[in-house]
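Chain by chain, the residues run as shown.
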Amino acid sequence: MEPPENSNASGGAVAFEDAQKIILRWDSTVSEEARERMIFEGDRDEVDRYLKAVDDIQKSMSSTSISDDQDKVNSTTIQIAMARLEDEFRNILLNHTTPVELDSLAAADPSSSVHSSAAGEYEEDDHAGDDDIQDQIQRADSSTSNSSASYRSTSSIREIDLIPQEAVCDLQSIAKRMISAGYLRECIQVYGGVRKSAVDSNFKRLGFEKLSIGDIQRLEWDALETKIRRWIRAAKVCIRILFSSEKRLCEQIFYGIGTAVDDACFMETVKGPAIQLFNFAEAISISRRSPEKMFKILDLHDTLMDLMPDIEVVFESKSADSIRVQAAEILSRLAEAARGILSEFENAVLREPSLVPVPGGTIHPLTRYVMNYISLISDYKQTLIELILSKPSTGSRYSGDSTTPDMEFAELEGKTPLAIHLIWIIVILQFNLDGKSKHYKDVSLAHLFMMNNIHYIVQKVKGSPELREMIGDDYLRKLTGKLRQAATSYQRATWVRVLYCLRDEGLHVSGSFSSGVSKSVLRERFKTFNAMLEEVHRTQATWLVPDNQLREELRISISEKLIPAYRSFLGRYRSHIESGKHPENYMKYSVEDLESAVLDFFEGYPVSQLLRRRCQ
């Protein structure tokens with residue numbers, strides 16, 4: 001609080017001797033009353049008198065007419081006054097340092113599984129951080145009547161009044177006098193000590209523990225995922241609310257006192273937590289690369305990129321250069337890490353070594369993993385196109401040899417580097433799957449395996465608007481063509497031999513239909529057909545087509561070929577078998593039996609279950 005101007009002229013001036021008496025009366029080293037009471041907690045007139053006394057002593061010290069003895073007295077008196085003001089400064093700060101309402105921002109459930117490894121379980125709750133902040137601000141606004149805090153918003157930065165305005169004015173009055181008396185260092189130390197403790201406390205309440213870069217890199221990935229999720233929330237709150245509010249408080253208290261005092265106090269307060277905050281992101285950016293880290297690294301990248309304008313504002317001073325530089329370098333390393341992981345992921349897909357065929361020709365785990373992975377990549381399209389994969393690809397990587405596939409360059413024309421990467425991943429996935437299909441002893445099952453997996457790829461592309469847009473309809477049509485080709489190959493490998501039994505050729509004695517039918521050949525035909533049908537049913541009812549629609553379409557296609565052919569064959573030759581002995585040994589199945597048998601196909605039944613079904 002400032003004393004009235006021209007008070008000496010008005011007769012209200014405190015005489016020099018009286019000024020000394022006022023200061024000495026509040027000397028806590030000699031006065032019990034001074035130790036028990038604080039000036040700024042008492043009568044405001046006493047506050048004004050004390051500050052006026054300090055001003056008078058400082059003016060006296062600057063006078064050229066005082067004696068050496070008087071100068072010594074003044075020096076001693078001002079030291080006593082500065083010690084007192086330092087205590088008052090600290091007391092005001094402590095009395096008005098309360099925890100910030102950040103509970104909702106720290107409410108992330110550490111037990112929740114946020115696994116972004118393309119297993120289809122990735123949760124997007126990390127993107128809710130901005131909403132959390134908005135909710136917190138709305139709660140704070142609605143509870144202003146019950147709290148001393150008020151909020152104001154500037155762009156994405158939301159500043160909090162950490163200390164009431166009246167207390168800020170008192171702190172400014174004390175700071176001016178301490179600094180003008182040469183006690184700048186003491187003022188900064190007191191301020192930094194109290195406010196740094198407050199920042200550390202709020203930082204801890206955000207659930208962000210202090211870890212070295214080495215500690216972070218030694219953590220298991222599951223634990224690290226949780227900490228990354230917390231970091232994203234903590235970074236937004238720290239930069240946009242806590243640090244920015246601390247900066248504003250420094251500006252309010254030290255405005256106009258010195259050219260860099262507010263910056264010095266601000267950095268004294270937040271430098272430690274800021275370095276700790278960015279060290280975590282730095283540790284992630286230089287950690288060992290693996291595919292499961294991709295999406296959390298992209299989340300970190302997006303968060304830091306979003307925060308960079310705010311970081312530039314909050315840490316704009318020369319003394320904060322190191323913070324800004326560190327943030328920019330981390331952003332660059334995160335981008336490089338994402339590029340590297342994507343490249344390594346491509347190689348991992350190409351070289352994935354599993355050779356044991358999946359039972360029943362169903363969808364291979366690699367297919368699920370890869371397609372879920374690239375679906376998630378498409379969710380980060382904007383980041384990857386603009387920031388990560390802006391450099392054009394060389395194209396040499398897409399030239400196949402005996403161990404790598406070929407990709408037609410015509411397919412790449414006009415596509416973004418990201419789209420090219422995604423298509424290439426699908427190409428090498430198919431190449432790997434084709435190699436795995438050769439480990440099936442049954443050719444039909446190999447084709448069914450490829451059909452299942454290509455169908456899964458097609459459905460994943462169709463099911464993601466972002467992915468479909470990048471892949472393009474032309475390449476999607478090519479994939480669909482490969483799906484039809486695999487389905488056709490399966491049917492040929494399985495049913496051509498079966499349907500071949502139902503042909504007319506070879507049944508007539510003289511080669512003419514009217515010349516008669518060889519019953520022995522006809523009986524052999526029926527026996528062969530029955531044996532083949534039973535074998536197909538026995539094996540293919542244990543095979544699996546997991547997609548309901550594809551399974552139904554395949555059954556319909558089989559029925560449309562098998563049922564009419566069998567019905568016609570029975571119609572032409574039933575009488576020849578029925579006129580002989582034991583017709584039931586040859587015509588074992590009715591048309592309805594075949595229709596029922598087809599419905600068993602591709603359900604993945606265990607053999608034991610099939611036996612039970614036959615006995616029913």
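Only a predicted model underlies this, so the values are computations on that prediction, with no experimental measurement involved.

Draft legend 1. Representation of the overall build of the protein chain in the model. Looking only at helices and strands, the protein chain features 22 helices and 2 strands. Buried residues in the protein chain amount to 49% of all 616 residues. Of all intrachain contacts in the protein chain linking residues separated by at least 6 positions in sequence, the fraction that spans at least 24 positions is 80%. Accessible surface computed for the protein chain: about 29100 Å², of which carbon and sulfur atoms make up 51%.

Draft legend 2. Summary view of the pattern of salt bridges. Counted under the stated rule, the structure contains 38 salt bridges. Between K247 and E316 there is a salt bridge whose closest N-O contact spans 3.5 Å. Separated by 69 residues along the polypeptide, K247 in helix α9 (residues 221-254) and E316 in the loop between α11 (294-314) and α12 (321-351) bring together distant segments of the chain.

Draft legend 3. Up close: the packing of aromatic side chains. A complete count under the given rule lists 16 aromatic pairs for this structure. Ring geometry for Y490 against F602: centres 5.8 Å apart, planes inclined by 75°, an arrangement best described as edge-to-face. Residue Y490 is located in helix α18 (residues 473-500), and its partner F602 is located in the loop between α21 (591-600) and α22 (607-615); the two are separated by 112 residues in the primary sequence. Given a relative accessible area of 0%, Y490 falls into the buried group. What makes F602 buried here is its relative accessible area of 0%. What links up through ring pairs into an aromatic cluster is the set F295, F345, Y369, Y373 and Y380.

Draft legend 4. The arrangement of the packing of helix α6 (residues 165-180) against α9 in detail. Running from amino to carboxyl end, α6 crosses α9 at an angle of 60°, the nearest separation of the two axes being 7 Å. Of the possible angle classes, the one that applies to α6 and α9 is oblique. Together, Q165, V168, L171, Q172, A175 and I179 of α6 and L249, Q252, I253 and F254 of α9 make up the contact between the two elements. Across the contact of α6 with α9, the residue classes tally to 7 nonpolar, 3 polar and no charged.

Draft legend 5. Just helix α7 (residues 184-205), in detail. With 22 residues, α7 should cover 32 Å at 1.5 Å per step; its first-to-last C-alpha distance of 31 Å lies within 8% of that length. Residues of α7 that are buried: E186, C187, I188, V190, Y191, G192, V194, R195, A198, V199, N202 and F203.

Draft legend 6. Just helix α13 (residues 365-379), in detail. Over its 15 residues, α13 extends 21 Å from the first C-alpha to the last, a length consistent with the 21 Å expected when each residue adds 1.5 Å. Among the 15 residues that make up α13, 11 are buried, leaving the element largely enclosed by the rest of the structure.

Draft legend 7. Broad picture of the packing of α6 against α7. One can describe the packing of α6 onto α7 by two numbers: an axis separation of 7 Å at closest approach and a directional angle of 140°. Judged by residue contacts, A175, M178 and I179 of α6 engage L184, E186 and C187 from α7. A per-class count over the contact of α6 with α7 returns 5 nonpolar, no polar and 1 charged.

Draft legend 8. Summary view of the environment of I426. Tracing the sequence through the fold places I426 in helix α15 (residues 417-437). Of the residues examined, I426 reaches a relative accessible area of 0% and is grouped as buried. Taking the C-alpha atoms as reference points, I426 and M371, separated by 55 residues in sequence, lie 8.0 Å from one another.

Draft legend 9. Examining the state of the cysteines more closely. What the rule picks out here adds up to 0 disulfides. Looking at the unpaired C265, the closest cysteine sulfur is the one in C250, lying at 5.5 Å.

Draft legend 10. Up close: the side chain of E186. With respect to the element layout, E186 can be found in helix α7. Sequence-distant contacts of E186, defined by excluding residues within four places in its chain, comprise E86 and M178.

Draft legend 11. Up close: the nonpolar core. Counting 174 residues, the largest nonpolar core has F89, W231, F243, F254 and F315 as the members making the most contacts within it. In terms of residues, this core owes the most to one element, α9, which gives 17 residues. Setting aside residues up to four positions removed in sequence, F89 forms contacts with L171, I174, A175, C187, V190, Y191 and F254.

Draft legend 12. Just the confidence of the model for the protein chain, in detail. The share of residues in the protein chain with pLDDT of 70 or more is 81%, and the mean pLDDT across the chain is 81. Mean pLDDT across the elements of the protein chain bottoms out in helix α5 (residues 129-142) (34) and peaks in helix α16 (residues 443-463) (96). Note that residues 104-154 has pLDDT below 50 and, in this model, 91 contacts with residues that lie over four places away or in other chains. Note on residues 610-616: pLDDT is under 50 here. Beyond four places in sequence and across chains, it has 10 contacts.

Draft legend 13. Examining the environment of F280 more closely. Considering the arrangement of structural elements, one finds F280 in helix α10 (residues 261-285). Taking the relative accessible area as the measure of exposure, F280 reaches 2% and is therefore buried. Spatially, the C-alpha atoms of F280 and L211 are 7.7 Å apart, while their sequence positions differ by 69 residues. Once residues lying within four places of it in the same chain are set aside, the contact partners of F280 are F208, I216, L224, K227, I228 and W231.

Draft legend 14. Summary view of the side chain of S317. If you trace the backbone, S317 turns up in the loop between α11 and α12. A residue is classified by how much of its surface remains accessible, and S317, at 9% relative accessible area, is buried. Among the polar contacts listed, one links the side chain of S317 to the side chain of S319, at a separation of 3.0 Å. Discounting chain neighbours no more than four positions away, the residues touching S317 are D263 and R324.

Rules behind the numbers
Residue positions are given per chain, counting from 1 as you read along its sequence in written order. pLDDT decides what is reported in this predicted model: residues at 70 or higher carry local features, side-chain atom pairs at 80 or more are listed and counted, and totals for whole chains, interfaces and linings draw on all residues regardless. To get the side-chain values, take all heavy atoms of the structure and skip hydrogens and water. Secondary structure elements are defined from DSSP: runs of H or I of at least 4 residues count as helices, runs of E of at least 2 residues count as strands, and each element is numbered from the N terminus. Each residue is assigned to one of three classes by its accessible area relative to the maximum for its type, calculated with a 1.4 Å probe on protein chains only: buried under 20%, partly exposed between the two thresholds, exposed over 50%. Contact definition: two residues touch when any of their heavy atoms are within 4.5 Å. Residue exposure ignores everything except the shown protein chains as possible cover, and the areas themselves are Shrake-Rupley values with a 1.4 Å probe. Every case where a carboxyl oxygen of Asp or Glu lies within 4 Å of a side-chain nitrogen of Lys or Arg is listed as a salt bridge. Aromatic pairing here means that ring centres of Phe, Tyr or Trp (its six-membered ring) are within 6.5 Å. Orientation follows from the plane angle: under 30 degrees is stacked, over 60 is edge-to-face, and everything else is tilted. The angle between two axes is taken between their N-to-C directions and runs from 0 to 180 degrees, where each axis is a line fitted to C-alpha atoms and a helix contributes only its stretch in contact. Angle categories are assigned with fixed cut-offs, so that under 35 degrees is roughly parallel, over 145 is roughly antiparallel, 65 to 115 is roughly perpendicular, and the rest are oblique. In the scheme used here, Gly and all other residues not listed as nonpolar or charged are polar, with Ala, Val, Leu, Ile, Met, Phe, Trp, Tyr, Cys and Pro taken as nonpolar and Asp, Glu, Lys and Arg as charged. Each helix should span, by expectation, one fewer than its residue count multiplied by 1.5 Å. Only a pair of cysteine sulfur atoms within 2.5 Å counts as a disulfide in this structure description. What we call a nonpolar core is a set of buried Ala, Val, Leu, Ile, Met, Phe, Trp, Tyr and Cys residues that are connected through their side-chain atoms within 4.5 Å. A residue's pLDDT is simply how confident the predictor is in it, with values from 0 to 100. For this analysis, a polar contact is any N or O atom pair within 3.5 Å, provided that within protein one partner can donate a hydrogen and the other can accept it, and provided that sequence-adjacent residues contribute only side-chain to side-chain pairs.

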